[in-house]
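This is what each chain is made of:
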Amino acid sequence: MSMRHAALAFSGIMRREMLRFIGQHGRFAAAIVRPLVWLGIFAAGFRSVLGLSIIPPYQTYILYEVYIVPGLAGMMLLFHGMQNSLSMVYDREMGSMRVLLTAPLPRWWLLGARLLASTITVLPVVYGFLLLARFWEVRPPAFGYAAALPALVLAGLMLGAFGLALSSLIRQLENFAGVMNFVIFPAFFASTALYPLWRLEEVSPVLAAFAWANPFSHAVELIRFALYGQLEPFSLLVCSVSLIVFFSLAVWGYDPGRGFWARRAVE
Amino acid sequence: MTALVIENLSHGFGRRKALSDVSLTIDPGAFMVLLGPNGAGKTTLVSLATGLYNAQQGDIRIFGHSISRDPLPALADLGVVFQMPTLDLDLTVMDNLAYHAALRGLSRAKGLERASVELERLGIAERAHDKVRALSGGLRRRVEIARALLHDPRLLIVDEATAGLDVAGRHMLLTHVRSLCGEGISVLWATHMLDEIEPADRLAVLHRGSLRWTGAASELASPENLEAAFLQLMGEAA
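For the structure given in this document, a descriptive report is provided here. (Residues numbered from 1 in each chain as written. Chains lettered and ligands numbered in written order. Predicted model: local features only at pLDDT ≥ 70, side-chain atom pairs only at ≥ 80, totals over all residues. Heavy atoms only, no water.)

## Notes on the overall build of chain A
- Across its full length, chain A carries 12 helices and 0 strands.
- Listing each helix as α and each strand as β along chain A from the N terminus yields α-α-α-α-α-α-α-α-α-α-α-α.
- For chain A, whose C-alpha radius of gyration is 19 Å, the value lies close to the compact-globule estimate of 18 Å for 267 residues.
- Over its C-alpha atoms, taken along the principal directions, chain A stretches across nearly 55 × 35 × 35 Å.
- Buried residues in chain A amount to 56% of all 267 residues.
- Pairs at least 24 residues apart make up 76% of the contacts formed inside chain A by residues separated by at least 6 positions.
- In chain A, 19 side chains carry a positive charge and 12 a negative one; their mean positions are 9 Å apart. (Helix = DSSP H or I, 4+ residues; strand = E, 2+ residues; numbered from the N terminus. Rg over C-alpha atoms; globule rule 2.2 N^0.38 Å. Buried < 20%, exposed > 50% of the residue type's maximum accessible area, 1.4 Å probe, protein only. Contact = heavy atoms within 4.5 Å. Lys, Arg positive; Asp, Glu negative; His and termini not counted. Charge placed at Lys NZ, Arg CZ, Asp CG, Glu CD.)

## A look at the interface of chain A and chain B
- On the side of chain B, 29 residues touch chain A, which itself brings 36 residues to the contact.
- Together chain A and chain B conceal approximately 2900 Å² of surface at their shared face, both sides included; 64% is due to carbon and sulfur atoms.
- Taken as a group, R98, V99 and T102 of chain A account for 22% of the area that chain A buries against chain B, more than any other trio of residues on that side.
- Our count for the contact surface shared by chain A and chain B stands at 3 salt bridges.
- Between R20 of chain A and D88 of chain B there is a salt bridge, with its nearest N and O atoms 2.7 Å apart.
- Run the count over chain A and chain B and you get 9 residue pairs in polar contact (both at pLDDT 80 or more).
- Listed by contribution, the elements that provide at least two residues to the side of chain A that touches chain B are helix 1 (3-23), helix 3 (64-94), helix 4 (97-101), helix 5 (107-132) and helix 12 (260-263) of chain A.
- At 10 residues, helix 1 of chain A tops the list of elements feeding residues into the side of chain A that touches chain B. (Buried area = accessible area lost by both parts, 1.4 Å probe. Salt bridge = Lys/Arg side-chain N within 4 Å of Asp/Glu carboxyl O. Polar contact = N/O pair within 3.5 Å; in protein donor to acceptor, adjacent residues only side chain to side chain.)

## Quick notes on the pattern of salt bridges
- Evaluated as defined, the whole model comprises 26 salt bridges over all chains.
- Between E118 of chain B and R121 of chain B there is a salt bridge, and its shortest N-O distance comes to 3.3 Å. Here R121 of chain B and E118 of chain B lie together in helix 4 (residues 108-121), a separation of 3 residues that amounts to about one turn.
- The exposure class assigned to E118 of chain B is buried, which follows from its relative accessible area of 3%.
- According to the relative accessible area criterion, R121 of chain B is partly exposed, its value standing at 36%.
- Several salt bridges converge on common partners, so that one network encompasses R16, E17, R20, D91 and R114 of chain A together with D88 of chain B.

## Brief notes about the packing of aromatic side chains
- In this structure the tally under the stated criterion is 15 aromatic pairs over all chains.
- A ring pair is formed by F162 of chain A and F246 of chain A, whose centres lie 5.0 Å apart and whose planes are at 55 degrees; its orientation type is tilted. In this pair, F162 of chain A is assigned in helix 6 (residues 142-169) and F246 of chain A in helix 11 (residues 233-253), connecting sequence segments 84 residues apart.
- Counting every residue linked through ring pairs, the aromatic cluster contains W38, F42, Y64, Y67, F185, F188, F189 and F216 of chain A.
- Residue placement shows R98 of chain A over the ring face of F82 of chain B; its charged tip is 5.2 Å from the ring centre.
- Residue placement shows R178 of chain B over the ring face of F31 of chain B; its charged tip is 4.2 Å from the ring centre. (Phe/Tyr/Trp six-rings, centres within 6.5 Å; stacked < 30°, edge-to-face > 60°. Lys NZ or Arg CZ within 6 Å of the ring centre and 35° of its normal.)

## Observations concerning the pairing of strand 3 (residues 31-35) of chain B
All names here are of chain B.
- Across the 5 residues that make up strand 3, a large majority, 5, are buried.
- With burial as the criterion, each face of strand 3 is covered, one bearing F31, V33 and L35 and the other bearing M32 and L34.
- As judged from the 5 bridges shared by strand 3 and strand 8 (residues 186-191), these two strands associate in the parallel manner. Paired with L34 across the bridge in strand 8 is A190.
- With 4 bridges connecting them, strand 3 and strand 9 (residues 202-207) associate as parallel partners. Paired with L35 across the two strands is V205, which belongs to strand 9. (Pairing = 2+ DSSP bridges.)

## Description of helix 10 (residues 215-227) of chain A
Residues and elements named next belong to chain A.
- With 13 residues, helix 10 extends 18 Å between its outermost C-alpha atoms, agreeing within 8% with the 18 Å of an ideal straight helix rising 1.5 Å per residue.
- Of all the 13 residues making up helix 10, 12 are buried; the element is thus mostly covered by neighbouring parts of the structure.
- Among the residues of helix 10, those classed as buried are F216, S217, H218, A219, V220, E221, L222, I223, R224, F225, A226 and L227.
- Among the structural elements, helix 3, helix 5, helix 6, helix 7 (176-189), helix 9 (205-213) and helix 11 are those in contact with the buried residues of helix 10.
- You can read the cap of helix 10 off the contacts: a side-chain oxygen lies 2.9 Å from the backbone nitrogen of F216, and it is on N214.
- Taken from the residues just after helix 10, G229 is the one with a positive phi, measuring 75 degrees. (Expected span 1.5 Å × (residues − 1).)

## Some words on a nonpolar patch on the surface
Residue and element names in this part refer to chain A.
- Residues W212, F234, L237, V241, V245, L249 and W252 make up a contiguous nonpolar surface patch of about 660 Å² in total accessible area.
- Considering each element in turn, the nonpolar patch owes the most residues, 6 residues, to helix 11.
- Secondary-structure assignment places L249 in helix 11.
- Using a relative accessible area of 43% as the deciding quantity, one classes L249 as partly exposed. (Patch = residues over 30% accessible without salt bridge, like charges linked within 9 Å, V, L, I, M, F, W, Y side chains within 5 Å. Areas by Shrake-Rupley, 256 points an atom, 1.4 Å probe, with all protein chains shown as cover.)

Right, dumping it as structure tokens:
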């Protein structure tokens, strides 16, 4: 594999991801409207119900809207990762996956390029949301927006790799609804995206333990701390290890000799 | 060097054997028809030859490179048109071709240049900026042929590309692909249509995963007796 070929292939995959994302107006609109609905309606209602103590990285009492924004940014990445997974399954059923997999490049590179391209595609939308959140008085320091970039990239890659690994497991498009119910919603609700861990501990230690072990929680915390210019090392570790594990699973799943793809009957 | 060598190829899905001990070769510039009824194993053979997954037994070499052990140079020499349409319907023809060109390591300028040349040769240059969704089935197939040729492959595998096309569309596609052999490209043409075979073609008859006959089509039967000979081969297998 020459570096030039690898770079050209990445630019081609990136361009296709952009064209498809922008071309799918509904998905593009949903990506920005979904978190705004949560922020504007759900958070407004919860504001009076849920009292928050001072917890790092915050140095004062905060509004619920301030707490929930990193979680909603994480949700955008989670949904985008799952949408990408869905489009991988769709591409496989529609045949266009074959074009990608018969390119003369290693599969790990092709899958990695697609994962990175997909993550980069959603970043402008996440930043658009973070800027709109300023209207709800969620105003992290200016350098927090820059510091959040690597956190968003790592979280996006990790959640995208999770979707990629899932896509190698799902045999048919119809099964995706089940994945939404049994994977995405538990991952989102049993996390620190909507409530801090201490609140969950008060209600259910089991749920709190699940949220603590949930990689999505660590994606959210990584983003939360980064938005206020701080690094949460344990979340960084969990996200990095999860990325490696999920991506390895995806590469295994798409391996022509070993993975699920190899055992799959021809469509 | 032989364009394609398939040696003792066997593959199954669960307990179902899709291919069993298949061997064949294609010389440079040759047109080989892989003939078989639906479910004969043609698409499995194409999937294995294009490295989508590895065969459980046997080997496939493209210009000397094993598709399982040395896949990258093998794939670099290969162009494929799959039975299942593989174009992005919501992208333009040119965007589809540019994507493929990038995957094949062509610069954007070179990719667009090659795409223009191939679209022109197939008579669809004026549709280059249309969304694929707006194209008829026949035109989409032509785009897929153009795409498979962008990187100047030495071996072209075409899997049932004429299925569902009208007579004129089939004729156009087949004539174009046959003309590629004159440029030194080897072609493996998988089909179940007997009228796509010419006497001078190399022919491999596949049925229930096994090769029933290989050789020049004219050695099997004259064109008017080809159907009877084919049915006899199927009958012997039954």
